[in-house]
Every structure is written in C-alpha cells, then in structure tokens.
Amino acid sequence: MKRDSKLSGILHVLLHMAEQTTPVTSELLAQMMSTHPVVIRRTMAGLRERGYVSSVKGHGGGWTLTCDLNQITLAEIWRAVGEPALIALTHRHESPGCLVEQVVNQALDTASREAEALLIARLGEVTLAELSKDFHQHFSAHRSAAHRSAAHACQPEDPA
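Residues numbered from 1 in each chain as written. Predicted model: local features only at pLDDT ≥ 70, side-chain atom pairs only at ≥ 80, totals over all residues. Heavy atoms only, no water.

Per an unreviewed UniProt entry, the recorded name for the chain is Rrf2 family transcriptional regulator, and the organism is Ewingella americana.

Printed below as a string of structure tokens:
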C-alpha cells in the first residue's frame, strides 16, 4: 500500500492559509506544496462541503478559512479529505487457502484496526489551533536563533 500524505498536505495548506489575511489562490497553494492547482482544488472540495473553507473565483479570489481553528480537530479534517489510510500495512494474499497466511493476516488486521482507532482518537484531541500555536513557537525560536546567529556572524560584539 502506498503511503498517503493527503492529510499532512492539507494540514500544511490550512496552516499557511491561517497566516493569510486575504484569499489564497489554488496556484499559490500548489506552489507551496509542489503540486498542481487541480490537486489543491480537489482536496479542498471536501473541506468546502463541510464549511471549513470557502472559495471565490476571479480576480482577488481564492481560498479562505471559514472555521474557528479552536473548533476543528485533525480527525475532522481527516474525514473531510476522504479518510485516507493512516496505516500502510499490507498482507500477503498469494495463498488464500494457507492457514498460516490466514492467521497472520487476521493478527495484522486486528492490530491495524486497533492502532488506527487509537490514532483517530488522538487526531480527535488535536485542534488546528494547537498546530498553529506550535508553528508560532517554532517560528519564534527559529527566528530568534537565526537573528542571534546572523548578529554574531555579521556584526562585531559590543564591547560594553
């Protein structure tokens, strides 16, 4: 099973959108994500249907967040984008009559379902606001570290 990065990608897009004060075009979002604008529009459609985003066509148009970041969880976003696979574990199916293969597949199925249920529950506890807060903390730390490094690298130390 191929790994699916749809959830990660759309969360990335939504956090970028949260930083904007004006609508963001599919073209700009696609550029940020190194993909095609059609992929962005298809993915955003599920979010629009649930009322998390809106879009306006034409000059000055684009995508806008319409939800409170505190009120939307990662599980809700996961559902809105079609519930992509969270666990990429596959089974052998070369010998369906083999009892060993059946037992192994059953054990893996059970473990996968249990792990996915835990993961979905955890996604239901995390809001977009929490991700945004984490981003801002990382950004501040990065900016401070970069500023200190640049100041030390580019300017002589103050003798005072």
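Text resumes after the structure shown.
As defined by bridge partners, strand 1 (residues 53-56) adjoins strand 2 (residues 62-65) across four bridges and the pair is classed as antiparallel. Residue pairing across strands places valine 56 opposite glycine 62, the latter belonging to strand 2. Joining the antiparallel neighbours strand 1 and strand 2 is a turn of five residues, in which glycine 58 adopts a positive phi near 90 degrees. (Pairing = 2+ DSSP bridges. Helix = DSSP H or I, 4+ residues; strand = E, 2+ residues; numbered from the N terminus.)

Not every positive phi belongs to a glycine, and serine 34 is a case in point at roughly 55 degrees. For serine 34, the position within the fold is in the loop between helix 2 (26-33) and helix 3 (37-49). The exposure class of serine 34 is exposed, given its relative accessible area of 68%. One non-glycine residue, glutamate 83, adopts positive backbone phi at about 50 degrees. Examined against the element boundaries, glutamate 83 turns out to sit in the loop between helix 4 (74-80) and helix 5 (99-123). (Buried < 20%, exposed > 50% of the residue type's maximum accessible area, 1.4 Å probe, protein only.)

Further remarks concern the pattern of salt bridges. By the definition in use, this model includes four salt bridges. With a closest N to O distance of 3.7 Å, arginine 92 and glutamate 101 form a salt bridge. The class of arginine 92 is exposed, set by a relative accessible area of 51%. Using a relative accessible area of 9% as the deciding quantity, one classes glutamate 101 as buried. Here arginine 122 makes a salt bridge to glutamate 125, at a shortest N to O gap of 3.2 Å. (Salt bridge = Lys/Arg side-chain N within 4 Å of Asp/Glu carboxyl O.)

Tracing the backbone shows alanine 18 in helix 1 (residues 6-18). Accessibility expressed as a relative area gives 27% for alanine 18, which makes it partly exposed. Spatially, the C-alpha atoms of alanine 18 and leucine 69 are 8.4 Å apart, while their sequence positions differ by 51 residues. Residues within four places of alanine 18 in sequence aside, it is in contact with Leu65 and Leu69. (Contact = heavy atoms within 4.5 Å.)

Before going further, it helps to spend a moment on the nonpolar core. Counting residues in hydrophobic clusters, the biggest one holds 29 residues, and the most contacted among them are Ile10, Met17, Met44, Leu47 and Ile77. Elements that contribute at least two residues to this core include exactly helix 1, helix 2, helix 3, helix 4, helix 5 and helix 6 (128-154). The element that contributes the greatest number of residues to this core is helix 1, accounting for six residues. If sequence neighbours within four positions are ignored, methionine 17 has contacts with Val24, Leu29, Met44, Val53, Trp63, Thr64 and Leu65. (Core = buried A, V, L, I, M, F, W, Y, C linked by side-chain atoms within 4.5 Å.)

Between its terminal C-alpha atoms helix 5 stretches 36 Å, which fits the 36 Å expected from 25 residues at 1.5 Å a residue. Taken together, the buried positions of helix 5 are occupied by Glu101, Asn105, Ser112, Ile120 and Leu123. Tucked into the core, helix 5 has its buried residues touching helix 1 and helix 4. (Expected span 1.5 Å × (residues − 1).)

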